[in-house]
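Structure at a glance
If you want the building blocks of each chain, they are given just below.
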Amino acid sequence: MSFLRRRSGSPTGPDFDVLAMDPGDWPGHFGAMMMSAPDGSCQGIFLRYDLFGGRGPAMFIGNLPEGSPARDTADGVPFEVHQLLEALENDEPVEFVSAEDFPVMLGDDLLIVRKVKVSEERVFCAQFGRSDGVQVTIASWDRPISDDLYQLLKPLPADMFQQG
């Protein structure tokens, strides 16, 4: 798959292609955040898609490279789920319930998707690893994640993450 590759030599921003839905195709608000390490390296890119007219996000997509501290949470609940609930001002405790792997066909390629279930039933979460070691996590509020969604994911232009 063409998006499963590393970019080379970018002095700022992530050193990997950020997989997401094109913000121009999304009918609501869009925001992006970068998690930086103390040395300035990119530890993750998080994309927030808001369909609720500024009242909160409908979806978070995280792109976390190997070694990112956000990949391993103490409670087993993905970082993106916590961020989604925080943005929605939902302060109810959430717990990891279960996870199960599912195969998804993308053209001629097979993608193994890990569907994560948490105690908040309105949250839907799916994760998959890319060939470049980046973990993609999709956390959705009150909207099940269908296999069609993976067809919409593509790399965002590198210049979206350049400084100045």
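Look above for the structure.
The paragraphs below set out a description of the structure included in this document. (Residues numbered from 1 in each chain as written. Predicted model: local features only at pLDDT ≥ 70, side-chain atom pairs only at ≥ 80, totals over all residues. Heavy atoms only, no water.)

**Topic: the nonpolar core**
- The biggest cluster of nonpolar side chains holds 25 residues, and the ones touching the most others in it are Leu47, Ile61, Ile138, Tyr150 and Leu153.
- Core analysis: the second largest hydrophobic core is formed by 13 residues, Val77, Leu88, Val116 and Val123 among them. (Core = buried A, V, L, I, M, F, W, Y, C linked by side-chain atoms within 4.5 Å. Buried < 20%, exposed > 50% of the residue type's maximum accessible area, 1.4 Å probe, protein only.)

**With respect to unusual backbone geometry**
- Of note, Glu89 is a non-glycine position whose phi angle comes to about 60 degrees, a positive value.
- For Glu89, the position within the fold is in the loop between helix 1 (79–87) and strand 5 (96–106).
- Positive phi, close to 60 degrees, is recorded for Asp142, a residue that is not glycine.
- Looking at where Asp142 falls in the secondary structure, it is placed in the loop between strand 8 (135–141) and helix 2 (147–152).
- Overall, Asp142 belongs to the partly exposed group, its relative accessible area being 49%. (Helix = DSSP H or I, 4+ residues; strand = E, 2+ residues; numbered from the N terminus.)

**Points about the pairing of strand 5**
- Looking at chain direction, strand 5 and strand 6 (residues 109–118) are connected through ten bridges and run antiparallel. Paired with Phe96 across the strands is Val118, a residue of strand 6.
- Linking two consecutive strands that pair antiparallel, namely strand 5 and strand 6, is a turn of two residues; a positive phi of about 65 degrees is found at Gly107 within it. (Pairing = 2+ DSSP bridges.)

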